[in-house]
Amino acid sequence: MSMEELFHPLQEPMILAAAISIVVGAVVVVAGLTYFKKWGYFYKNWLSTVDHKKIGIMYIAVALLMLFRGGIDALLMRAQTAVPDNGLLDAQHYNEIFTTHGLIMILFMAMPFVIGLMNIVIPLQIGARDVAFPRLNAVSFWAFAAGCGLLNLSFIIGGSPDAGWTAYFPLASTDFSPTVGNNYYSLALQLSGIGTLLTGVNFITTIFKMRAPGMTLMKMPMFSWSILITNVIIVFAFPVLTVALALMMLDRQFGTKFFAMTDGGMDMLWANLFWVWGHPEVYIVILPAFGIFSEVIATFARKNLYGYKSMVMSMVVISLLSFLVWAHHFYTMGHGVMVNSVFSITTMAIAVPTGVKMFNWLLTMRHGKIQFTTPMLYALAFIPIFTIGGVTGVMLAMASADYQYHNTMFLVAHFHYVLIPGTVFGVLAGYHFWWPKMFGFRLNEKLGKAGFWFIAISFNVTFFPLFILGLDGYARRMYTYSASTGYGPLNMLSFIGALGLAVGFALICYNIYYSWKHMPRNEKADVWDGRSLEWATHSPVPEYNFAVVPNVSRLDEFWFAKKEGRDITAGKIEKIHMPNNTGTPFWTSGFLFLAAFFAVFSLWPLAIISMLVVFGFMAHRSFEDDHGRYISVEEIMETEKSLRGDK
Amino acid sequence: MNKKLSLMFLAFGAIAILSGCEPLTVFNPKGPNAQTLSNTIILSIITMAVILLVVYVLFAFMLTKYRASKASADYEPPHEEGSHVLEITWTVIPIIIVAFLAIVTVKTTSTVETTPEGYDNKEPLVIYAASSNWKWHFSYPEEGIETVNYVNIPTDRPIEFKLYSFGPITSFWIPQLAGQKYAMSDMLTTIHLAADEVGSFMGRNSNFNGRGFAEMEFEAQSMTQADFEQWVKDVKANEKPLTEEKFKELLAAEHVGRSSYSSTHLDFSPAPMAHGDMDMGGMDHSDMDMSDEDMNHEDMDHSTDADSTHSH
């Protein structure tokens, strides 16, 4: 590949502008760190941290950045289709944008946001001092970050993937997608996928082994339950993706024929493997949101969660069903009435446990005392909007009817109606809810609510018209259409909605700046009058989480303790064992990134050398003697005092 | 929150008005199979509207009745574990709804996967539809003609489209006549349809297959049996046969306009095997015979049975 080909994306003025703004941004950050002499601080406190809370914050920072990137992609798509025969983007650019929009929003925005929140909250909520494998947690994050960086590099160097986020073969093969775009796809997803899989192992272990004394599984808060189930799904689903991506790389770069049209390859094998991972993936991002809504609704209705046991059961059932429905993504493949019917029924069955949760949330509010805080607004808006997503999901599940919706805007509208009120509202609710735990101050409520209303209303303006367009025969992924189709006005409406969404997300970002400047510090630990253990410790949370690990005897122990006037964190303070920080995960992933980058361009010697360095780091680690360190009682007393605010 | 409700009503009102002017394509069927699908969709929308209504009424009720601003300052909500009766109710009712929809689905899926109702005793017309790059090839083995980017069909006769692809997966879709189905390189799939009236319908590929995807449309025109026969005669008389060389040229091209030929590519480039027959293997498959112009109707019957995708 020549240099010209390599940097050919930069000929596109919009991409060039984006590239320049990235470079300028990076220069500003580097110059700022140098000028304020913060490199040491930055390295010591962030790049080499193994503290689950800081790792969580970094996940969320990346997720917000990617929300911005994926959002710009979305705006461009809506702008391109706002009027018929628009020339803003050409077909190739549009194809790259909808591909990366999907990839980024699902894998580099929704997933890391969820994983970030669970990193911050889970150990606190189960009364643990850390995750089970703190260092592995850092490896997870940096592997994910490497994958994220690699995918984002693609649009500047060599070209983005352009075969859709589903990358169906043979379209994604070198025959039909000869650029390196889909090499980036296979390697970037592989890196971040490995990170996610490690997270899955880490959090299952954490939740099973590190709960506070007395906290049996059925006394665990709903968010912890949702995360436990999510991670079980991760551990079962992600290996499929790993294998599928490895086969994809072999097909694209080593000439094997797993998914080819000739020599016994099967193109639909890719679709099967992709969705065997891809459908559970939907629940990986939605179940944690269900957990967050459960916490938020219970807190702000000032009531315990209605039907706790059936809530847990329904999540378990959903997780099982999530593995039994993948073929509904290709009813139109012609696999006959029998197969289609079976997958129709398993798919529709998911509506039952989901409905159970819906009614339990509604009934949680009965006899309650509902406060309309920002997190609560997101949780409340979720109910009516997500229900539309849910019922259209049942409509799509009917195989026969799907022959008309498949690959249309109706489908696009449906999954946005599920993923935005579900996952995005969920993580935004959690983000506003737990922000004081991370930084010790609240986000401004006025700005938070303004952002909410912009998002909730604009969301419907953006996506409701797409249902109608779909029923009018508008296929998805069309970069343009002719005026005679009559699709123009509704597309324009949708674009206006997208602009409103952009304003909403801008307000959320502005709120960080505003609140950082103006909101009062040293917020009390229990800002919202919460129910679970994370509210029992200080805000911001000290490194060791709990000076004294609380004992638990029932669900919502902290809530009852408050009622009874007990302090569940009282007790004798002893020295606490904590892991040492380490820069190795950061550097290891840096070399993983290099290896993957060279592999994208089939520069195998360089890729192998980079991999050898990675193995070197791993070998070194296996001989390393690192037993962590102790925080002394005096140090703990000191920290506790200053966090309590008594001088 | 009532704002949201009224917004929803507005939206539904908008659909009603829009569908008043000109029905949405999917709700404007011109053949029995598309009619079945349209009815199924409308039935499911009504069912779902009932569910939405229940949730919205409950939601509005909770929010208006139990807001903190309405409660007295010393009101402390009670501890409620849940209710078995209620929880069983909202598990069982959805199960009943899902069971009902499942029955509808199985029935309608098998309906649209067979010869349309009312056409059972008529001989189906078999047309091979293959995609390559961003165009469609239609071969009529019975008539011995082939068209590119347009397809003519007779009314009042069941049609079977046999679908495959010379490249990425595409999806063959004429929304006013039938739901879509994938066209793939390694197997043959079948769409059954029939047109009730004369007309011109939009057909397209709906599965993304690269740069030229948006323009990958074709016209499906239904005409009376007499007109159809006349058209076939005209093509046979006036168009050149499709040579292997010309076909290769066509395959390599990205976009082309419409064209017609007095022979089919199935003679030298047979279609892949049908889904259900994959394990039978061998080159003596009945698909091959389909390209024989002189084939009589008994043979046709036999071969369509044999490569029906739904025999298993």
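Note that the structure is predicted; figures quoted are calculated from it, not measured.

Undergrad: So what's going on with the overall build of chain B? Which residues, and what values?
TA: The helix and strand tally for chain B stands at seven helices and 11 strands. Out of the 312 residues belonging to chain B, those deemed buried represent 53%. Contacts in chain B between residues at least 24 apart in sequence constitute 69% of all its contacts with a sequence separation of at least 6. For chain B, the accessible surface area stands at approximately 13,700 Å², while carbon and sulfur atoms represent 59% of it.

Undergrad: Before we move on, could you go through the interface of chain B and chain A and cite the residues and values that matter?
TA: In this complex, chain B contributes 90 residues to the contact, which on the side of chain A involves 94 residues. Between chain B and chain A, the buried area comes to about 8,000 Å², and carbon and sulfur atoms account for 71% of it. When the buried area of chain B at its contact with chain A is split by residue, B:Glu80, B:Trp90 and B:Phe208 rank highest and sum to 9% of it. The interface formed by chain B and chain A contains three salt bridges. When the shortest N-O distance is used, the salt bridge between B:Glu76 and A:Arg302 registers 3.4 Å. Counting across the interface, chain B meets chain A through 28 residue pairs in polar contact (both at pLDDT 80 or more).

Undergrad: With reference to specific residues and values, describe the pairing of strand E6 (residues 170-174) of chain B.
TA: Along any regular strand the residues' side chains alternate between the sheet's two faces. All names here are of chain B. E6 sits mainly inside the fold: five of its five residues count as buried. Burial along E6 is two-sided: Thr170, Phe172 and Ile174 and Ser171 and Trp173, pointing in opposite directions, are all buried. Inspection of the sheet shows E6 paired to strand E7 (residues 178-183) by four bridges, in the antiparallel sense. Paired with isoleucine 174 across the strands is alanine 178, a residue of E7. The antiparallel pairing of E6 with E7 creates a hairpin that spans three residues between the two strands.

Undergrad: Mind laying out the environment of B:Ala195, listing which residues take part and the relevant values?
TA: Residue and element names in this part refer to chain B. Summarising the element assignment, alanine 195 is placed in the loop between strand E8 (189-193) and strand E9 (199-205). Here the alpha-carbon distance between alanine 195 and lysine 30, two residues 165 residues apart in the chain, equals 5.9 Å. Residues contacting alanine 195, with those up to four places away along its chain left out, are Lys30, Gly31, Tyr119, Ile153, Thr155, Asp156, Leu177 and Ser222.

Undergrad: Give a detailed account of unusual backbone geometry, specifying residues and quantitative values.
TA: All names here are of chain A. A cis amide bond, omega 0°, links phenylalanine 169 with the succeeding residue proline 170. That bond from serine 539 to proline 540 is cis: its omega, -10°, falls within 30 degrees of zero. As for its position among the elements, proline 540 is in the loop between helix H17 (488-518) and helix H18 (557-564). Even without being glycine, aspartate 263 reaches a positive phi, approximately 55°.

Undergrad: Any chance you could break down the environment of A:Met611 for me, citing the residues and the numbers?
TA: All names here are of chain A. Structurally, methionine 611 can be placed in helix H20 (residues 604-623). A relative accessible area of 27% places methionine 611 in the partly exposed class. Taking the C-alpha atoms as reference, methionine 611 lies 32 Å from aspartate 263; in sequence the two are 348 residues apart. Excluding its chain neighbours within four sequence positions, the residues that come into contact with methionine 611 are Leu592 and Ala595.

Undergrad: Could you give an account of the sheet that holds strand E5 (residues 159-165) of chain B, with specific residues and numbers?
TA: Residue and element names in this part refer to chain B. The strand order across the open sheet formed by six strands is E8-E5-E1-E2-E3-E11, and the pairing between neighbours is mixed. Of all the strands in the sheet, just E8 and strand E11 (259-261) have a single pairing partner and so form its edges. Going from strand to strand, the sheet's axes swing by 20° on average, the running direction of each strand aside. On the sheet, helix H5 (residues 244-252) packs against strand E1 (125-132), strand E2 (135-140), strand E3 (145-148) and E11 and is oriented at approximately 150° with respect to E2.

Undergrad: Explain the pattern of salt bridges to me, and be specific about the residues and the numbers.
TA: Considering all chains together, one arrives at 24 salt bridges over all chains under this definition. Here A:Asp51 makes a salt bridge to A:Lys53, at a shortest N to O gap of 3.1 Å. For A:Asp51, a relative accessible area of 13% corresponds to the buried category. In this structure, the salt-bridge partner of B:Lys246 is B:Glu249, at a minimum N-O distance of 3.7 Å. Of this pair, B:Lys246 and B:Glu249 both sit in helix H5, separated by three residues, roughly a single helical turn. Ionic contacts of the salt-bridge type, sharing partners, join the residues A:Arg302, A:Asp526, A:Asp529, A:Lys562, A:Lys563 and B:Glu76 into one network.

Undergrad: I'd like a rundown of the packing of helix H9 (residues 267-300) of chain A against helix H15 (residues 409-439) of chain A, residues and numbers included.
TA: Residue and element names in this part refer to chain A. Across the interface, H9 lies against H15 with an axial gap of 8 Å and an inter-helix angle of 50°. Regarding the angle of H9 to H15, the classification is oblique. Two packed elements cross with a definite hand, and for H9 against H15 that hand is left-handed. Contact with H9, carried on its side by Val285, Ile286, Ala289, Ile292, Phe293, Glu295, Val296, Thr299 and Phe300, involves Val418, Leu419, Pro421, Gly422, Thr423, Phe425, Gly426, Val427, Ala429, Gly430, Phe433 and Trp434 of H15 and no other residues of that element. Partitioning the contact of H9 with H15 into residue classes produces 15 nonpolar, five polar and one charged.

Undergrad: Explain the side chain of A:Glu534 residue by residue, including any values.
TA: Residue and element names in this part refer to chain A. If you trace the backbone, glutamate 534 turns up in the loop between H17 and H18. Buried charged residue glutamate 534 carries no salt bridge. Nearest counter-charge: lysine 437, at 7.8 Å. Within the structure, glutamate 534 has its side chain in polar contact with the side chain of glutamine 125 (distance 3.4 Å). Within the structure, the side chain of glutamate 534 is placed 2.9 Å from the side chain of tryptophan 434, a separation counted as a polar contact. With sequence-adjacent residues up to four places away left out, glutamate 534 is seen in contact with Val121, Leu124, Gln125, Trp434 and Lys437.

Conventions adopted
Along each chain, the written sequence defines residue order, and numbers are assigned to residues from 1. Note on labels: chains are lettered from A, ligands numbered from 1, in written order. Confidence filtering applies because this is a predicted model: local features only for residues at pLDDT of at least 70, side-chain atom pairs given and counted only at 80 or more, and all residues used for totals across whole chains, interfaces and linings. Note: side-chain values were computed over all heavy atoms of the structure, leaving out hydrogens and water. Each helix corresponds to a stretch of at least 4 residues labelled H or I by DSSP, and each strand to a stretch of at least 2 residues labelled E; elements are numbered beginning at the N terminus. Buried residues are those whose accessible area, probed at 1.4 Å on protein chains only, stays under 20% of the maximum for their type, while exposed residues exceed 50% and partly exposed ones sit between those limits. The contact definition used throughout considers only heavy atoms, calling two residues in contact when any of these lie within 4.5 Å. The Shrake-Rupley method, run with a 1.4 Å probe sphere, supplies the accessible areas, and residue values consider only the shown protein chains as cover. When two parts are brought into contact, each loses some accessible area as probed by a 1.4 Å sphere; the total of that loss over both is the buried area. Any carboxyl oxygen of Asp or Glu that lies within 4 Å of a side-chain nitrogen of Lys or Arg is treated as forming a salt bridge with it. Polar contacts, as used here, are pairs of N or O atoms within 3.5 Å; protein pairs need one atom able to donate a hydrogen and one able to accept it. Residues neighboring in sequence count only if both atoms are side-chain atoms. Between any two strands, at least two bridges found by DSSP are needed for them to pair. Inter-axis angles, ranging from 0 to 180 degrees, are taken between N-to-C directions of lines fitted to C-alpha atoms, where helices are fitted over the stretch in contact. To sort the angles, those under 35 degrees are grouped as roughly parallel, those over 145 as roughly antiparallel, those from 65 to 115 as roughly perpendicular, and the leftovers as oblique. Two helices that cross are described as forming a left-handed crossing if the nearer one is turned anticlockwise from the farther one by less than a right angle, and a right-handed crossing if clockwise. In the scheme used here, Gly and all other residues not listed as nonpolar or charged are polar, with Ala, Val, Leu, Ile, Met, Phe, Trp, Tyr, Cys and Pro taken as nonpolar and Asp, Glu, Lys and Arg as charged. Just so you know, the count uses Lys and Arg for positive and Asp and Glu for negative, and it drops His and the chain ends.

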